[in-house]
Amino acid sequence: MSSRTTSSRRAPAKRRKPSRSSGGQGMTTWLVVLGLVAGGIALYENRATVLKDMAPLLSRDKPGTSRTEAKAEPRRERAEKPAPTSASNSAKAPVPPAAVGMTKAVVPVSRPAVAAAATGPLTGENFFGKFYFCGTSGLDNCVMSGDTFWYRKTKVVLADIAAPRTEGAACQQERDRGFAAKVRLKDLLSSGRFDLETLKTAGPGIAPAVLRVATRNGRSLGSILVSEGLAKPRMARQQAWCP
């Protein structure tokens, strides 16, 4: 009796066969996953067409924002446009009254560089220029001898001195001193502004030249040549330059 019971207890249990319902559910799940993957691939490949078809639906969902943006643009344009200023308003603007007891400062008229006088051309103050030796400058702003120079196409002879001659000199000593007077007169005329005046008791003129006295700071340039032994006063008795 006991041997039967032990044999019955130790008998192996029979395996249960899987049901058909569980196998069917597993296949359904895999089919759904495959369908989703295939749909996602098709949607990705045709995304441009899908977005174009969905654009009207997306714009209908937000009607309020498009209207508010459309209304905001004309307001910005109105704010950016400046208010026009009428000419009548500027004309009617009050003009400040002139200050009482104040007079405008009088600006002195500057004196021209050349003050022409009634006595003739090249008479005045503040003449200036760079002088050269005649023959290289075309008879303009050039020194011809120790007492003669050309200025502004006019031949000017110093009325207060007589310098030694370089052309037609009586001796070599006169020629050398005449050349030194010529160089010295060129340097004096080029060193700054000078005035040209007429001499009341001038000697006989040398046509067609004009007789003038060239001065600087009240001193005659001819007197400088006389003091250096390069010229003699024109009114004095003329003495020969040769020994």
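A quick note: this is a predicted structure, and the numbers were derived from the prediction, not measured.

### Let's talk about the nonpolar core
Okay, step 1: Core analysis: the largest hydrophobic core is formed by 23 residues, its most contacted members being F131, F149, L185, L189, L196 and L225.
Okay, step 2: For this core, the elements supplying multiple residues, two or more each, are β4 (148-151), β5 (154-158), α6 (172-190), β7 (194-197), β8 (210-216) and α7 (221-227).
Okay, step 3: Ranked by the residues each element gives to this core, the list is headed by α6, at four residues.
Okay, step 4: Judged by nonpolar contacts, the second largest core, of five residues, contains V157, A209, L211 and V213.

### Brief notes about the environment of K182
Okay, step 1: The topology assignment puts K182 in helix α6.
Okay, step 2: Sequence separation between K182 and L230 is 48 residues, and the spatial gap between their C-alpha atoms is 9.0 Å.
Okay, step 3: Apart from the residues lying within four places of it in its own chain, the contact partners of K182 are F133, V143, M144, S145 and G146.

### A short note on α6
Okay, step 1: If you check α6, its first and last C-alpha atoms are 27 Å apart, about what 19 residues at 1.5 Å a residue would give, namely 27 Å.
Okay, step 2: What α6 keeps buried is the set E174, G178, A181, K182, L185, K186, L188 and L189. The arc that holds every buried residue of α6, seen down its axis, measures 165 degrees, which confines them to one face.

### Here's the deal with the state of the cysteines
Okay, step 1: Inspection of the entire model under this criterion finds two disulfides.
Okay, step 2: Each sulfur in the disulfide pair C134 and C142 lies 2.1 Å from the other. Taking the sign of the S-S torsion, 80 degrees for the link of C134 and C142, the bridge is right-handed.
Okay, step 3: Given a relative accessible area of 0%, C142 falls into the buried group.
Okay, step 4: A sulfur-sulfur distance of 2.0 Å marks the disulfide that ties C171 to C242. Linking C171 and C242, the disulfide has an S-S dihedral of approximately -105 degrees and is accordingly described as left-handed. Placement of C171 in the loop between β6 (161-162) and α6 and of C242 in the segment after β10 (232-233) is noted, with a sequence separation of 71 residues between them.
Okay, step 5: Counting only the cysteines that take part in disulfides, in the order they occur along the protein chain, gives the pairing 1-2, 3-4.

### Digging into unusual backbone geometry
Okay, step 1: Within the chain, R152 stands out as a residue other than glycine whose phi angle is a positive 55 degrees.
Okay, step 2: Relative to the assigned elements, R152 resides in the loop between β4 and β5.
Okay, step 3: Non-glycine residue K153 carries a positive phi angle of around 65 degrees.
Okay, step 4: Mapped onto the secondary structure, K153 falls in the loop between β4 and β5.

### Things to note about the environment of E167
Okay, step 1: Relative to the helices and strands, E167 resides in the loop between β6 and α6.
Okay, step 2: The class for E167 is exposed, based on a relative accessible area of 70%.
Okay, step 3: Spatially, the C-alpha atoms of E167 and G178 are 9.0 Å apart, while their sequence positions differ by 11 residues.

### What to know about a nonpolar patch on the surface
Okay, step 1: Judged by side-chain polarity, W30, V33, V37 and I41 come together as a nonpolar surface patch covering roughly 410 Å² of accessible area.
Okay, step 2: Checked against the element boundaries, V33 lands in helix α2 (residues 20-45).

Calculation rules
- Residues numbered from 1 in each chain as written.
- Predicted model: local features only at pLDDT ≥ 70, side-chain atom pairs only at ≥ 80, totals over all residues.
- Heavy atoms only, no water.
- Core = buried A, V, L, I, M, F, W, Y, C linked by side-chain atoms within 4.5 Å.
- Buried < 20%, exposed > 50% of the residue type's maximum accessible area, 1.4 Å probe, protein only.
- Helix = DSSP H or I, 4+ residues; strand = E, 2+ residues; numbered from the N terminus.
- Contact = heavy atoms within 4.5 Å.
- Expected span 1.5 Å × (residues − 1).
- Arc of directions from axis to C-beta.
- Disulfide = S-S within 2.5 Å.
- Patch = residues over 30% accessible without salt bridge, like charges linked within 9 Å, V, L, I, M, F, W, Y side chains within 5 Å.
- Areas by Shrake-Rupley, 256 points an atom, 1.4 Å probe, with all protein chains shown as cover.
- Salt bridge = Lys/Arg side-chain N within 4 Å of Asp/Glu carboxyl O.

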